[in-house]
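Residue-level structural notes
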Amino acid sequence: MSLRQFEYALAVAEEGSVTAAAELLHVAQPSVSQQIRGLERELGVELFARTPTGLVPTVVGRAFLRDAEAAVSAARRARATARAGADELVGELAIAVQMGFGTRQLPGALGALRRRSPRLEVTVFEEPSSAELERLCRRGVLDLALMAACERSPADAHHLGDEEFVVVVGAEHPQLAADRVELRELEGEPWVRFDRDSALDGVLLNVLREHDPTPTTAARVSQTATAVRWAAQGLGVTLVPASTVPHGYEHLARPVFPAVSQPVIAVVRQGAGPAETALLELLRKETWSDSAFFSPVP
């Protein structure tokens, strides 16, 4: 078995066909077919089931692909570490960020890292749930995860700062007259909420537990920008990290009282290389715990 075979199998699983996998890998289709057949012969198992809609991993294939993905990721990191020079980092960096956290801080840190090491390739996965982030971390495909602190946060997590939350209301909402919105004033309001397993919806429920234990749900969305835009149209109010409010909507956002904030942590893989260490240090230098990102227009 070879890493090339692992990469070909992962591409076929991702694309669902040998033809598409070959296009993704920029190789000839027969080469992919030959490598997959050789891999199946060597393992003595069928990795993919041939269906009318394409190639689908078998039960054994799914188990194999999990380990193959971890092996390919480890090999890429090893190559990057070996090739890293004193002045420039090279290779690949895989990052996962929990939706709504580090929206402005992560691009700033990555921009500084890329200016320093332009040959470093970065892949960012935006995952809404803690469970999905944990799954990716367990599979060994991530170099760094940026997420909200929770009861299951690893003991070696790095606390970067705190995200301040704001409430966003429609243009005609009476609470716009206030510099800070009291939570009790929002009792009975319809809410634009997030997916049930997202950290953002968990924050909202914790915030409303005392003031409105059974909030009315106007809609559920998957992106903070969508929540803000829908709230701006008067569909309902929403609660988001201040740094996620899109440009042009700041005048509709207000801090809440009592103040709401959420600790943000970075989880770095064991045996972190120079790229992960450099990014972590840059993230520490970003502004996290003040309201510099949020300047409502009077």
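The structure we're discussing is the one just above.
First, a word on what this report is: a plain description of the structure on this page. Per chain, residues are indexed from 1 in the order of the written sequence. Local features in a predicted model are, by the rule used here, given only for residues with pLDDT of at least 70; side-chain atom pairs are given and counted only at 80 or more, and totals for whole chains, interfaces and linings are based on all residues. For the side-chain quantities, the full set of heavy atoms in the structure was used; hydrogens and water were omitted.

1. Description of helix 8 (residues 224-232)
What counts, and what does not: Burial classes follow relative accessibility: with a 1.4 Å probe on protein chains only, a residue under 20% of its type's maximum area counts as buried, one over 50% as exposed, and anything between as partly exposed. Secondary structure elements are defined from DSSP: runs of H or I of at least 4 residues count as helices, runs of E of at least 2 residues count as strands, and each element is numbered from the N terminus. Note that the arc is defined by the directions from the helix axis to the C-beta atoms. Two residues qualify as a contact provided that any one of their heavy atoms is within 4.5 Å of a heavy atom in the partner residue.
Residues Thr224, Ala227, Val228, Ala231 and Ala232 constitute the buried set of helix 8. Across the axial projection of helix 8, the buried residues extend over an arc of 130°, all falling on one side. The secondary structure elements touched by the buried residues of helix 8 are strand 6 (158-168), strand 8 (190-194), helix 7 (199-208), strand 9 (216-221) and strand 10 (238-241). Of the residues trailing helix 8, Gly234 is marked for its positive phi of about 90°.

2. What about the side chain of Thr58?
Among the secondary structure elements, Thr58 is positioned in the loop between strand 2 (54-57) and helix 4 (59-83). Beyond its immediate chain neighbours, meaning those up to four positions away, Thr58 contacts Glu46, Leu47, Phe48 and Ala49.

3. Considerations on the pattern of salt bridges
Formally: For salt bridges, the criterion is a side-chain nitrogen of Lys or Arg within 4 Å of an Asp or Glu carboxyl oxygen.
Tallied over the entire structure, the rule returns 6 salt bridges. Between Glu40 and Arg50 there is a salt bridge, with its nearest N and O atoms 3.6 Å apart. In this pair, Glu40 is assigned in helix 3 (residues 29-43) and Arg50 in strand 1 (residues 48-51), connecting sequence segments 10 residues apart. The exposure class assigned to Glu40 is buried, which follows from its relative accessible area of 11%. Arg50 is paired through a salt bridge with Glu46; the nearest N and O atoms lie 4.0 Å apart. Taking relative accessible area as the criterion, Glu46 reaches 48% and is therefore assigned partly exposed.

4. Side note on the pairing of strand 8
In plain terms, the rule: The pairing criterion is simple: DSSP has to find at least two bridges between the two strands.
Summarising burial for strand 8: 4 of the 5 residues are buried, a large majority. For strand 8 and strand 9, the ladder comprises 5 bridges, and the chain directions are parallel. Looking at the pairing, Phe194 lines up with Val221 of strand 9.

5. Here's the deal with the packing of helix 2 (residues 18-25) against helix 3
In plain terms, the rule: Orientation is described by axes fitted as lines to C-alpha atoms, over the contacting stretch for helices, and by angles from 0 to 180 degrees between their N-to-C directions. For classification purposes, angles smaller than 35 degrees are called roughly parallel, those larger than 145 roughly antiparallel, those between 65 and 115 roughly perpendicular, and all remaining angles oblique. The handedness criterion is simple: a crossing whose near helix is rotated anticlockwise from the far helix by less than a right angle is left-handed, and one whose near helix is rotated clockwise is right-handed. Residue classes follow a fixed rule: Ala, Val, Leu, Ile, Met, Phe, Trp, Tyr, Cys and Pro count as nonpolar, while Asp, Glu, Lys and Arg count as charged, and any other residue, Gly among them, counts as polar.
Between helix 2 and helix 3, the least distance of the axes is 8 Å, while the angle of their chain directions is 115°. One way to sum up the angle between helix 2 and helix 3 is to call them roughly perpendicular. Once helix 2 is placed against helix 3, the crossing between them reads as right-handed. Contacts between helix 2 and helix 3 involve Val18, Thr19, Ala21, Ala22 and Leu25 on the former and, on the latter, Gln29, Val32 and Ser33. When grouped by side-chain class, the residues that make up the contact of helix 2 with helix 3 number 5 nonpolar, 3 polar and no charged.

6. Describing the packing of helix 1 (residues 3-15) against helix 3
Closest axis-to-axis distance for the helix 1/helix 3 pair is 9 Å, and the angle between their directions is 110°. One element, helix 1, and the other, helix 3, form an angle in the roughly perpendicular class. Contact residues: Arg4, Gln5, Tyr8, Ala9 and Val12 in helix 1; Ser31, Val32, Gln35, Ile36, Gly38, Leu39 and Glu42 in helix 3. Per-class residue counts for the contact of helix 1 with helix 3 are 6 nonpolar, 4 polar and 2 charged.

7. A short note on the nonpolar core
Counted only if it meets this: We call a set of buried Ala, Val, Leu, Ile, Met, Phe, Trp, Tyr and Cys residues a nonpolar core when their side-chain atoms join them within 4.5 Å.
Ranked by internal contacts, the top residues of the largest apolar core, which has 56 residues, are Leu146, Val167, Val168, Trp191, Leu239, Leu279 and Leu283. Membership of the second largest hydrophobic core comes to 19 residues, among which are Tyr8, Val12, Leu39 and Phe64.

Limitation: the analysis is restricted to geometry and does not speak to function.
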